Amino acid sequence: MLTPQGLKGKQYRITGNAYPRLGRPPKKSRKVLALIGSILALSLIALGGVQLWDIFSGKLRHSSAQACATQSGKPLAAPTPDASPAAPGGDPHAVPQPAAFKVNVFNATTKAGLAGRTADEFTKRGFAVDKKGNAPAELDKKVPGTAVVIAGPAGAGAATLISSQIAGATVTTDARTDNSVDVVVGDSYNALLDETQAAAALALATKPSPTPSATGSC
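Residues numbered from 1 in each chain as written. Predicted model: local features only at pLDDT ≥ 70, side-chain atom pairs only at ≥ 80, totals over all residues. Heavy atoms only, no water.

Asker: Can you walk me through the overall build of the chain in this structure?
Answerer: Each helix and strand counted, the chain has four helices and seven strands in total. N-terminal to C-terminal, the α/β element order of the chain is α-β-β-β-α-β-β-α-β-β-α. Considering only contacts within the chain whose residues lie at least 6 apart along the sequence, 65% involve residues at least 24 apart. (Helix = DSSP H or I, 4+ residues; strand = E, 2+ residues; numbered from the N terminus. Contact = heavy atoms within 4.5 Å.)

Right, here's the structure in full:
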C-alpha cells in the first residue's frame, strides 16, 4: 500500500500499469503563487519606467543646457542697481551714481536750445554733463523718436540709468572704451520724466529675470 504525495492521505494499491491520478494543488497555494507573480511583474514595470524617465529627462536637461550656452548675449545686458559708483574693473552693467560718468547731450531736431535745456535738467539731477550742442551729421534730423542713448560696453549701466530718464529712449552701443554716455534727443522729445516716473522706469529695467527651469527657456 502506498500513499503518494498529493493524494490527501488516501491509500491506494498499485496493480499492473494503472496509477492513481494526483489531485490539483490546493487553491490557497495557487493564489499565493499568482500574487507573487503579479508583484514581480509590477516591480519590473516600475523599474523600467524609472529608467526611461531618467534617460529622457537627462537628455532634456542636457539639450536645454546646450541651447542656453550657445545663445549670444545682448550688447547691453540688464544691469543691476548699485548704490556706489562703479569701480575700475567692476561690473559694467551695474548702475552707477549719476556723477560717476560723463553725459554728452546733443540736439538732432530743429528746436533751438533743446540740448542746453536738457543738459540743465540732467545737471539738476546730479548728472555730470560734459558736452552739449547740435548732433553730429550722421544723426542730425535722423532721430524720429524721443532720444537715442549711446554708450560703449563699459557704460552699459550708465546708459540704462540715462535711458530711464527719457520715455521711449532707445539704447545702442559703439566702440568707445570709457563709460561716458551720449544723449541725442529727437523730434518727439519734450522733457525728462519726473523723478518718480524715472525711478519706476529704472526699477523695471533692472528687475532680475526669472530663473530658468530645466525645461524652460534661457
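Right, picking up where we left off after that structure.
Asker: Would you take a moment to explain unusual backbone geometry for this structure?
Answerer: A negative phi holds for most residues other than glycine; trans holds for most peptide bonds. Even without a glycine there, the phi angle at Lys141 is positive, about 65 degrees. Among the secondary structure elements, Lys141 is positioned in the loop between strand 4 (128-134) and strand 5 (147-151).

Asker: Explanation requested: the pattern of salt bridges in the structure shown.
Answerer: Should the charged atoms of two oppositely charged side chains come close, the side chains can pair. With the rule as written, the count across this model stands at three salt bridges. Between Arg176 and Asp174 there is a salt bridge; the shortest N-O distance is 2.8 Å. The buried category is assigned to Arg176, whose relative accessible area is 18%. Judged by its relative accessible area of 30%, Asp174 falls in the partly exposed class. (Salt bridge = Lys/Arg side-chain N within 4 Å of Asp/Glu carboxyl O. Buried < 20%, exposed > 50% of the residue type's maximum accessible area, 1.4 Å probe, protein only.)

Asker: How do you make sense of the nonpolar core when you look at a structure like this?
Answerer: When a protein is soluble and globular, its nonpolar side chains tend to lie buried together. Among the nonpolar cores identified, the biggest contains 22 residues, and Phe101, Phe122 and Ile162 are the most heavily contacted of them. Every element with two or more residues in this core is listed here: strand 3 (102-107), helix 2 (114-124), strand 5, helix 3 (156-163) and strand 7 (181-185). Contact partners of Phe101, with chain neighbours within four places excluded, come to Pro96, Phe127, Ala128, Ala158, Leu161, Ile162, Asn179 and Val181. (Core = buried A, V, L, I, M, F, W, Y, C linked by side-chain atoms within 4.5 Å.)

Asker: Can you help me understand the pairing of strand 7 in this one?
Answerer: Among the five residues in strand 7, five count as buried, and that is most of the element. Side chains of strand 7 alternate between two faces, with Val181, Val183 and Val185 and Asp182 and Val184 buried alike. Sheet topology places strand 3 next to strand 7; five bridges connect them, and they run parallel. When the bridges of strand 7 are listed, Val103 appears paired with Val181. Here five bridges tie strand 5 to strand 7, and the two strands are oriented antiparallel to one another. For Ala151, the partnering residue across the bridge sits in strand 7 and is Val181. (Pairing = 2+ DSSP bridges.)

Asker: Would you mind going over the side chain of Thr146 with me for this structure?
Answerer: Note that Thr146 resides in the loop between strand 4 and strand 5. Since its relative accessible area comes to 16%, Thr146 is described here as buried. Only 2.7 Å separates the side chain of Thr146 from the backbone oxygen of Ala167, close enough to count as a polar contact. Sequence-distant contacts of Thr146, that is, excluding residues within four places in its chain, are made with Ile166, Ala167, Gly168, Ala169, Val184, Val185, Gly186, Ser188 and Tyr189. (Polar contact = N/O pair within 3.5 Å; in protein donor to acceptor, adjacent residues only side chain to side chain.)

Asker: In this structure, what is going on with the environment of Asp120? I would like to understand it.
Answerer: In this structure, Asp120 sits in helix 2. Sequence separation between Asp120 and Lys132 is 12 residues, and the spatial gap between their C-alpha atoms is 10.0 Å.

Asker: It is not clear to me how the packing of aromatic side chains should be interpreted in this structure. Could you clarify?
Answerer: For any two aromatic rings, the description comes down to two numbers: the centre-to-centre distance and the angle of the planes. A full pass over the atoms with the stated rule returns two aromatic pairs. Plain terms: the ring middles of Phe101 and Phe127 are 6.1 Å apart, the flat faces sit at 70 degrees to each other, and that makes the pair edge-to-face. In this pair, Phe101 sits in the loop between strand 2 (94-95) and strand 3 while Phe127 sits in the loop between helix 2 and strand 4, placing the two residues 26 residues apart along the sequence. Ring centres of Phe122 and Phe127 lie 5.3 Å apart, and the angle between their planes is 90 degrees; on these two criteria the pair is classed as edge-to-face. Each member of the pair, Phe122 as well as Phe127, carries the same accessibility label: buried. Through a chain of ring-to-ring contacts, the aromatic side chains of Phe101, Phe122 and Phe127 assemble into a single cluster. (Phe/Tyr/Trp six-rings, centres within 6.5 Å; stacked < 30°, edge-to-face > 60°.)

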